[in-house]
Amino acid sequence: MVSTAADTGLRLTPDTFDRLFPFHLGFNRAGVLTHAGPSFRRLSSTTLLGRPLAEILCPHRPDVAFDFVRIAESGAQLYTVRAVESDVLLRGEMCLIEETMFFLGTPWFHDTAELARLGLSLSDFALSDPTLDLLQVLQMQKISTGDLKQFAQTLTASTTLLKSVVDAMPLGVVIRDDQGRILLTNNFALPGGESAAEADCGRSGNQEANLTLIPHHPEGGCESVAADRASAFEIEREISGRKCWLRCIKFRVPGPDHGAARTGTLILDMTGRKQLEEELRAASERQCEYLEMQREFISLVSHEFRTPLTAIEGSHYLMRKLLSPPEVLSGTIAEKAGKWFDLQAAALTTLKELVNQVLLLNRIEHRAQKEALALSSPGTLVEGLVEHFNHTVDPPRVTLQNDLPGGFEASMDRELIKTAVENLISNALKYSWTDRLVRVRAWREPDAWSVEVVDQGRGIPDADQQRIFQTFFRASNVDKVSGSGLGLVIVKRAVDYHGGRIDFSSKHNIGSRFALHIPMAPPPPAPAVESRGPFPTKNPTP
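Let me begin by describing the structure that accompanies this report. (Residues numbered from 1 in each chain as written. Predicted model: local features only at pLDDT ≥ 70, side-chain atom pairs only at ≥ 80, totals over all residues. Heavy atoms only, no water.)

The subject of this paragraph is the sheet that holds strand β9 (residues 172-176). The sheet built from five strands is open, its strands ordered β10-β9-β13-β12-β11 with antiparallel pairing. A single partner strand is all that each edge strand has here, and the edge strands are β10 (182-185) and β11 (231-239). Direction aside, neighbouring strands of the sheet carry axes that sit 25° apart on average. Bridging between β9 and β10 involves three bridges; their strand directions are antiparallel. Paired with arginine 176 across the bridge in β10 is isoleucine 182. (Pairing = 2+ DSSP bridges. Helix = DSSP H or I, 4+ residues; strand = E, 2+ residues; numbered from the N terminus. Axes fitted to C-alpha atoms, helices over the stretch in contact; angles between N-to-C directions.)

Right, dumping it as structure tokens:
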């Protein structure tokens, strides 16, 4: 016999107790199962009696461990538990009957299809207890109220954080209803010191002037903003005596429950950017003026150098001719005079070459490409240069392998290409030993034509190779070989002028290889004055 309560005197047989509470469980103070209802036994595939309660049930609501003493003191406690093995939720009451703690409950199913999976039917359930259901609802309401309160606190904290973030944003945020009334704004969009909480959010859209950065725009209403895209415009306003540029982005904000749409406006202060743009534009104009002055100065000075150079060359020629007969000077003086005249002639040649190179660089930088490019035969040009150099050295030291098709022509500035290849061959001869050959090769590529010059000379040290295309730079191993440091700069500028590229490789005391690749299609015209000027401090290596 089982007693439901000591004071009722009601006695139930085990069979009756099992029919009333088919899902009951009983355990002693040690937490060991001593009773199990028939329906609950059916849920388990193993023996339940004698096992710890923690292996059979785990608390779900409230999420606290089962405590025999605490439950006994409270008289009864409502629980929602989960059967560990079958993963079924049960709800019911924990109560003390004599020295056994009973869980009197029933499964909580959302779908009767779950019954078949567990091998149960409706006959396995006892009649519903309205009082138990009411108590369960009240307890769940208490739990839900606590959850709702916690959710409200979390939502309030999130709203406060979001508001502080919106107020701290470096742009204005304004929301208006379909009548133009301001519903929401942040600190950036308000006059100095007025917070969004103190703002009159019911003011009319016609009173926008009261908001420092909210612009009045004739097409700024909600009806002018398309539903699928934003509308942006820029305005200029004077704020606190300072000219400001503002960029405004308007967009539609859907109303609640498909109600009237609202209009959102983002306001960005573009004043700093506009001022920087104005400063950059003014600086660019000044730079162009300086570059033009530089170009004119270089051209003027270079041309002015030619006049005295021509006079000096003429005087040098006449003096040498005048003093050339043997009877004019004694042998020792004549020998010294000859050396002086040779030194003077070499210096005049170097100075004249330098002036010509400066003028050429100036010309490359300040003319339009479309006026300079024309069809020409690169093969014929290279053949003529090789023949010219072989006439100047004895024995001939320049070999040519011309793999360009017969009659091949390409768009190019013939004089610039001639100067570039001429500089490469001249450098190869100057920096090679007199018994070594210089090899020149020209060939066709799919979209370009190429020419390379290979020597077997002193090469370029590794430490110098990053700077060889810088103006006036000369490698550390040139010794007493004369040069201006402009030859490779001219080569680089000529190739850049044609939209091409340079490949080079060099090994110290082994030799160097330079290859020019010129595209078949001419590049687009360049501006008359480039920002880098005729004498940059650095040129990127190819």
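So much for the structure itself; the text now carries on.
Pairing of strand β19 (residues 501-507) with strand β20 (residues 511-519) involves seven bridges; the strand directions are antiparallel. Bridge assignment links serine 506 to a residue of β20, and that residue is serine 512. Turn length for the β19-β20 hairpin, with the two strands adjacent in sequence and antiparallel, is three residues, and the turn residue asparagine 509 shows positive phi of about 65°.

So, on to the nonpolar core. If you look at the biggest cluster of nonpolar residues, it comprises 48 residues, and the most contacted ones within it are Val398, Ile425, Val440, Trp449, Phe514 and Leu516. For this core, the secondary structure elements donating two or more residues are α8 (331-365), α10 (378-392), β16 (410-412), α11 (414-430), β17 (438-444), β18 (448-454), α12 (487-497) and β20. Examining the composition of this core, we find that eight residues originate from one element, α11, more than from any other. The contacts of isoleucine 425, once residues within four sequence positions are left out, are Leu385, Val386, Phe389, Val398, Val440 and Val453. In this structure, Phe27, Leu33, Met101 and Leu118 belong to the second largest nonpolar core, which totals 24 residues. (Core = buried A, V, L, I, M, F, W, Y, C linked by side-chain atoms within 4.5 Å. Buried < 20%, exposed > 50% of the residue type's maximum accessible area, 1.4 Å probe, protein only. Contact = heavy atoms within 4.5 Å.)

Together, Leu148, Phe151 and Leu155 make up an exposed nonpolar region whose accessible area comes to about 330 Å². Among the secondary structure elements, phenylalanine 151 is positioned in helix α6 (residues 130-168). Classification of phenylalanine 151 as exposed rests on a relative accessible area of 52%. (Patch = residues over 30% accessible without salt bridge, like charges linked within 9 Å, V, L, I, M, F, W, Y side chains within 5 Å. Areas by Shrake-Rupley, 256 points an atom, 1.4 Å probe, with all protein chains shown as cover. Salt bridge = Lys/Arg side-chain N within 4 Å of Asp/Glu carboxyl O.)

Let us look at the side chain of arginine 458. Locating arginine 458 in the fold gives a position in the loop between β18 and α12. Given a relative accessible area of 18%, arginine 458 falls into the buried group. Residues contacting arginine 458, with those up to four places away along its chain left out, are Tyr431, Trp433, Asn477, Val478, Asp479, Val481, Lys507, His508, Asn509 and Ile510.

Moving on, we come to the environment of histidine 498. Within the secondary structure layout, histidine 498 lies in the loop between α12 and β19. The spatial distance from the C-alpha of histidine 498 to the C-alpha of methionine 412 is 7.0 Å, given a sequence separation of 86 residues.

Our next topic: the sheet that holds strand β7 (residues 89-97). One open sheet holds the six strands; their spatial order is β4-β3-β8-β7-β6-β5, and the pairing between them is antiparallel. Each edge of the open sheet carries a strand with a single partner, namely β4 (33-36) and β5 (57-61). Along the sheet, successive strands turn relative to each other by an average axial angle of 35°, direction set aside. Note that strand β3 (residues 25-27) and β4 share three bridges and pair antiparallel. From the neighbouring strand, glycine 26 faces β4, where its bridge partner is histidine 35.

To continue, consider the packing of α11 against α12. Where α11 meets α12, the closest approach of the two axes is 9 Å, and the angle between their N-to-C directions is 145°. The element α11 and its partner α12 pack so that their crossing is left-handed. Contact residues: α11 offers Leu416, Thr419, Ala420, Asn423, Leu424 and Asn427, while α12 offers Gly487, Leu488, Ile490, Val491, Ala494 and Tyr497. When grouped by side-chain class, the residues that make up the contact of α11 with α12 number eight nonpolar, four polar and no charged. (Left-handed = near helix turned anticlockwise from the far one by under 90°. Nonpolar A, V, L, I, M, F, W, Y, C, P; charged D, E, K, R; others polar.)

Looking now at the pattern of salt bridges. Taken as a whole and assessed by the stated rule, the structure comprises 17 salt bridges. As a salt-bridge pair, glutamate 99 and arginine 29 come within 3.3 Å of each other at their nearest N and O atoms. Pair noted here: glutamate 99 is in the loop between β7 and β8 (100-107) and arginine 29 is in the loop between β3 and β4, with a separation of 70 residues, a long-range link. Arginine 29 shares its class with glutamate 99; the two are exposed. Taken together, the salt bridges that share partners define one network made up of Glu234, Arg247 and Lys274.

All quantities given are derived from atomic positions and should not be read as evidence of function.
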